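Topology and contacts: notes
Spelled out, the chains give:
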Amino acid sequence: YAKSQKDLGYIYNQIGLVYHAKGNYDDALYYFNRALNIFIKLNDRKAIARLYNNIAAVYNNLGDEDKALEYYQKSLELTSDEKRKADTYNNIALIYGSKGDYNKAIEYLKKAIEIGEKYGQYHDVAIYMLNLGETYRRAKDYDNAKYYLEEGLKRIQKVGDKYWEATAYKYLGWYYTDINNKKLAKEYLLKAYNL
């Protein structure tokens, strides 16, 4: 049982995270909002900012990108720790990329990379670079796409994240498909598949 309202807020948040992971978005929103109400009463800005991020992720999974952006922006407004903003910038960028606003997506990903490099978040920076390379590919800026995809791949290999290494190979496979190099496209897509 919860010994305080703060503990109860954290418990509701954890329940929300479990429901979100299971794809039960209505229940996830219910518990995130219960936690949010507690932390608003406690005036815990850090917890409120995290909950806004969690709620934004649910709305994004529900396909309501505008609502997701609204909650990500609210989270940014409350986040005073610059280091914590990088993931939110990345998430905002992915939504703008999904909406086809590549310039905004690139802008936010560059902010995420800048912060991640400043604070030594090597794993995160590698992921942001891969997302940036993929965004450039979708925007048909193939020179920048290749640079960030290859740099992101090198960095993700250094930290040993096989999931994101496979994702990098997939993105590179798509890149080589776009520039009509079928041999390299097949090679990278097979690497992604095998990994």
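Here's what I pulled together on the structure shown here. (Residues numbered from 1 in each chain as written. Predicted model: local features only at pLDDT ≥ 70, side-chain atom pairs only at ≥ 80, totals over all residues. Heavy atoms only, no water.)

Some points on the side chain of glutamate 165
Note on placement: glutamate 165 falls in helix α9 (residues 162-178). In this view, glutamate 165 contacts Leu153, Ile156, Gln157 and Leu195; residues no more than four positions away in its chain are not counted. (Helix = DSSP H or I, 4+ residues; strand = E, 2+ residues; numbered from the N terminus. Contact = heavy atoms within 4.5 Å.)

Quick notes on the pattern of salt bridges
Here the structure, examined in full by the defined rule, presents 12 salt bridges. A salt bridge links arginine 137 to glutamate 134, with the nearest nitrogen and oxygen atoms 2.8 Å apart. With arginine 137 and glutamate 134 both in helix α7 (residues 122-138) and three residues apart, this pair spans about one turn of that helix. Looking at arginine 137, the relative accessible area reads 11%, which means it is buried. Glutamate 134 gets classed as buried once you look at its relative accessible area, which sits at 8%. When the shortest N-O distance is used, the salt bridge between lysine 162 and glutamate 165 registers 3.4 Å. Here the residue lysine 162 and the residue glutamate 165 both occupy positions in helix α9, the gap between them amounting to three residues, near one helical turn. Looking at lysine 162, the relative accessible area reads 49%, which means it is partly exposed. What makes glutamate 165 buried here is its relative accessible area of 8%. (Salt bridge = Lys/Arg side-chain N within 4 Å of Asp/Glu carboxyl O. Buried < 20%, exposed > 50% of the residue type's maximum accessible area, 1.4 Å probe, protein only.)

Regarding the nonpolar core
Ile55, Tyr72, Ile92 and Leu132 are the most contacted members of the largest nonpolar core, which totals 59 residues. Tallying contributions element by element places helix α3 (residues 45-61) first for this core, with nine residues. If sequence neighbours within four positions are ignored, leucine 132 has contacts with Ile106, Leu109, Lys110, Ile113 and Tyr148. (Core = buried A, V, L, I, M, F, W, Y, C linked by side-chain atoms within 4.5 Å.)

Observations concerning the packing of aromatic side chains
Under the definition given, this model contains 16 aromatic pairs. Consider the rings of tyrosine 59 and tyrosine 71, whose centres lie 5.7 Å apart with planes at 20°: the pair is stacked. Taken together, the residues tyrosine 59 in helix α3 and tyrosine 71 in helix α4 (residues 65-78) connect sequence positions 12 residues apart. In this structure, tyrosine 59 and tyrosine 71 share a single accessibility class: buried. Centre to centre, the rings of tyrosine 171 and tryptophan 174 are 5.8 Å apart; their planes meet at 40°, and the pair counts as tilted. Of this pair, tyrosine 171 and tryptophan 174 both sit in helix α9, three residues apart, which is roughly one turn of the helix. By relative accessible area, which is 33% here, tryptophan 174 ends up partly exposed. (Phe/Tyr/Trp six-rings, centres within 6.5 Å; stacked < 30°, edge-to-face > 60°.)

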